[in-house]
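Structural features, examined
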Amino acid sequence: MAQTHRPLPTLTELLELASVVSLPLNTRFRGVDVREAVILRGPEGATEFSPFIEYSDAEAVAWLAGAIDFGWQPTPDLLRDRIAVNATLPAVGESDVSAVLDRYPGCRTIKVKVAARGQSLDDDIARVRAAREYLGSEGRIRLDANGGWNVDEAEHAIHALAEFDLEYVEQPCASVDDLWEIRQRVKYMGIPVAADESVRKVDDPLDVARRGAADLLVIKAQPLGGIHSALDIVRRAGLPVVVSSALDTSIGIAMGAHLAACIPNLEYDCGLATAALLAADVTAEPLIPVNGSIAVVRPLLDESLVQQQLASDERDVWWRERLERVYALLVSSTESTGRHAATSSTSTLAPIGNAAT
Ligand SMILES: [Mg+2]
């Protein structure tokens with residue numbers, strides 16, 4: 001399909017089109033109570049630049065390429081208009097489980113965070129048990145350890161948690177070598193291993209697929225340089241994928257929903273319901289789940305909500321300076337490669353997933 005490809009906006013344009021917002025969370029997540037983001041008003045619609053604050057400028061380049069991709073380039077053809085989504089259960093105590101899960105009406109899949117710092121396996125077992133009781137026997141439970149276990153700890157934990165009928169375990173260990181090892185050890189149990197950080201926080205997002213270290217990949221639009229770049233990775237990996245967000249506003253969630261809507265085979269529920277963890281948003285029609293799915297739409301910014309959620313002057317300056325530094329890195333990498341930094345070239349490689357099973 002012929003599509004116009006707009007040039008990179010200038011820094012001045014970006015800064016003029018930007019608002020820095022600070023959204024309160026209703027549940028503490030990733031150790032934070034607020035989520036800060038830069039909302040950009042692009043010609044294709046609103047978009048979002050929101051690398052986590054501890055990430056380096058170099059890591060944030062792909063996030064900026066992703067934000068510009070969604071705001072300035074037309075999205076590829078959409079294959080569906082709703083995306084089934086999973087509930088996300090942060091590492092809360094078991095007594096808080098049902099209150100959190102009530103925010104995800106109709107979701108048949110729960111992603112439970114495990115291996116959180118300062119918690120024990122007993123805490124994880126209690127939380128997963130409470131999630132299974134909430135769901136009943138029909139729904140699916142997947143775990144996300146964020147690389148928090150070594151191989152032996154992962155094996156021990158997966159054995160202890162298998163009785164709750166696990167759909168898959170996401171990033172049980174941090175390194176690709178360890179993912180490969182734990183995948184071999186639990187293969188006989190029929191519990192797939194998913195890679196997340198091993199896709200988006202490494203130089204080569206396809207390495208984990210190529211080495212047969214995961215059964216499926218978690219794909220996030222913004223950290224992978226945007227919808228077009230992420231789609232290219234999906235095609236080349238040849239593995240099933242779960243499209244997820246990174247605790248985005250509804251604008252960033254829309255980017256993920258559009259990516260998910262472009263993927264031909266989408267067999268897993270996607271991690272795109274996290275707007276339910278926000279106590280405020282930048283649109284009057286937040287992308288929270290209805291009957292277990294979200295709509296594939298670009299929500300309109302509500303400028304009065306944006307005004308209400310503006311970050312402090314100090315945080316506004318911090319984000320604009322970060323945007324300026326990251327933009328400079330993006331431009332220099334674009335100049336050296338002749339294309340947007342995180343945007344892979346169209347590949348002629350055959351999908352590698354089959355070789356990696
Ligand atoms: Mg994850």
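What counts as what
- Residue indices begin from 1 for each chain and proceed along its sequence in written order.
- Owing to the predicted nature of the model, reporting of local features is limited to residues with pLDDT of at least 70; listing and counting of side-chain atom pairs is limited to 80 or more, with chain, interface and lining totals taken over all residues.
- Note: side-chain values were computed over all heavy atoms of the structure, leaving out hydrogens and water.
- UniProt positions are given in the numbering used here, feature names are shortened, and annotations may be inferred rather than shown by experiment.
- Two strands qualify as a pair provided that DSSP identifies no fewer than 2 bridges between them.
- For helices the rule is a DSSP run of H or I covering at least 4 residues; for strands it is a run of E covering at least 2, with both sets numbered from the N terminus onward.
- Note on definitions: angles span 0 to 180 degrees between N-to-C directions of axes, and those axes are lines fitted to C-alpha atoms, for helices only across the stretch in contact.
- Should any heavy atoms of two residues lie within 4.5 Å, those residues are considered in contact.
- Delimitation of the domains relies on an automatic or database domain assignment.
- Accessible-area loss on putting two parts together, using a 1.4 Å probe and summing over both, is the definition of buried area adopted here.
- Here, a salt bridge means any Lys or Arg side-chain nitrogen found within 4 Å of an Asp or Glu carboxyl oxygen.
- For this classification, Asp, Glu, Lys and Arg are treated as charged, while Ala, Val, Leu, Ile, Met, Phe, Trp, Tyr, Cys and Pro are nonpolar and the rest, including Gly, are polar.
- Each metal site lists N, O and S donors within 2.8 Å (3.2 Å for Na, K and Ca). With water left out of the atoms, a site can look as if it is missing ligands.
- Burial classification: accessible surface area is computed with a 1.4 Å probe over protein chains only, and a residue below 20% of its type maximum counts as buried, one above 50% as exposed, and the rest as partly exposed.
- Within 3.5 Å is the distance limit for a polar contact, defined as a pair of N or O atoms, with the added protein rule that one can donate a hydrogen and the other accept it, and that residues adjacent in sequence qualify only through two side-chain atoms.

Going by an unreviewed UniProt entry, the protein chain carries the name o-succinylbenzoate synthase and comes from Subtercola vilae. According to UniProt, the comment filed for the protein chain under the heading Cofactor (unreviewed entry) is "a divalent metal cation". As recorded by UniProt, the Catalytic activity (unreviewed entry) comment attached to the protein chain reads in full: "(1R,6R)-6-hydroxy-2-succinyl-cyclohexa-2,4-diene-1-carboxylate = 2-succinylbenzoate + H2O".

The next point concerns the sheet that holds strand 1 (residues 18-29). Strand pairing in a sheet takes place through backbone hydrogen bonds and is either antiparallel or parallel in direction. Overall, antiparallel pairing links the three strands, which are arranged 1-2-3 in an open sheet. Every other strand in the sheet has two partners, leaving strand 1 and strand 3 (45-49) as the edge strands with one partner each. If you compare each strand with its neighbour and ignore which way they point, the axes differ by 35° on average. As defined by bridge partners, strand 2 (residues 32-42) adjoins strand 3 across five bridges and the pair is classed as antiparallel.

One open sheet accounts for seven strands, arranged 5-6-7-8-9-10-11; its pairing is parallel. In the strand order of this sheet, the two ends are held by strand 5 (87-89) and strand 11 (241-244), each with one partner. Strand-to-strand twist of the sheet, defined as the mean angle between neighbouring strand axes without regard to direction, takes the value 25°. Inspection of the sheet shows strand 9 (residues 193-195) paired to strand 10 (residues 216-220) by two bridges, in the parallel sense. Looking at the pairing, Ala195 lines up with Leu217 of strand 10. Set on the sheet, helix 4 (residues 121-135) makes contact with strand 5, strand 6 (109-113) and strand 7 (140-144); between it and strand 6 the angle comes to about 170°.

Domain parsing of the protein chain yields domain 1 (11-74 + 305-337) and domain 2 (82-302). The C-alpha-based centres of domain 1 and domain 2 are spaced at 23 Å. Facing 36 residues of domain 1, the contacting portion of domain 2 comprises 35 residues. Buried surface at the junction of domain 1 and domain 2, both sides included, amounts to about 3000 Å², of which 63% is carbon and sulfur. Three residues stand out in domain 1 for area buried against domain 2, namely Asn26, Phe29 and Phe70, and they jointly supply 24% of the buried area on that side. Here domain 1 and domain 2 share two salt bridges between them. One salt bridge connects Arg35 with Asp248, and the closest N-O pair in it is separated by 3.9 Å. Examining the composition of the side of domain 1 that touches domain 2, we find that nine residues originate from one element, helix 2 (residues 57-72), more than from any other. Its residues assigned to classes, the side of domain 1 that touches domain 2 comprises 20 nonpolar, nine polar and seven charged.

In this section: the coordination of the magnesium ion. Donor atoms from the polypeptide that coordinate the magnesium ion comprise Asp144 (OD), Glu170 (OE) and Asp196 (OD), at 2.0 to 2.4 Å from the metal. Between consecutive donors of the magnesium ion, the numbers of intervening residues give the motif D-x25-E-x25-D. Of the two residues, Glu170 sits in strand 8 (residues 166-170) while Asp196 sits in the loop between strand 9 and helix 7 (197-200), which places them 26 residues apart along the sequence. Taking relative accessible area as the criterion, Asp196 reaches 0% and is therefore assigned buried.

Another aspect to go through is the UniProt feature "domain: Mandelate racemase/muconate lactonizing enzyme C-terminal" (unreviewed entry) in the protein chain. In the UniProt entry, the feature "domain: Mandelate racemase/muconate lactonizing enzyme C-terminal" (unreviewed entry) is given for residues 94-189. Secondary structure across residues 94-189 divides into 44% helix and 16% strand, with the first and last C-alpha atoms of the span separated by 26 Å.

Here we take up the pairing of strand 3. Of all five residues in strand 3, four are buried, a share of seventy percent or more. Hairpin connection from strand 2 to strand 3: two residues lie between these consecutive antiparallel strands.

What follows covers the UniProt feature "active site" (unreviewed entry) in the protein chain. The UniProt entry lists Lys113 and Lys220 under the feature "active site" (unreviewed entry), expressed in the numbering used here. Locating Lys113 in the fold gives a position in strand 6. Counting through the fold element by element, Lys220 comes out in strand 10. The buried category is assigned to Lys220, whose relative accessible area is 8%. A distance of 3.1 Å separates polar atoms of two side chains, one belonging to Lys220 and the other to Asp196.

With that settled, the discussion passes to the pattern of salt bridges. Oppositely charged side chains may form a pair once their charged atoms are brought near each other. For the structure on display, the rule yields 24 salt bridges. Arg211 is the partner of Asp177 in a salt bridge, and the nearest nitrogen-oxygen pair spans 2.2 Å. Here Asp177, found in helix 6 (residues 176-186), pairs with Arg211, found in the loop between helix 8 (207-210) and strand 10; they are 34 residues apart in sequence, far enough to count as distant. Overall, Arg211 belongs to the partly exposed group, its relative accessible area being 38%. Between Asp207 and Arg211 there is a salt bridge, with its nearest N and O atoms 3.0 Å apart. According to the relative accessible area criterion, Asp207 is partly exposed, its value standing at 22%.

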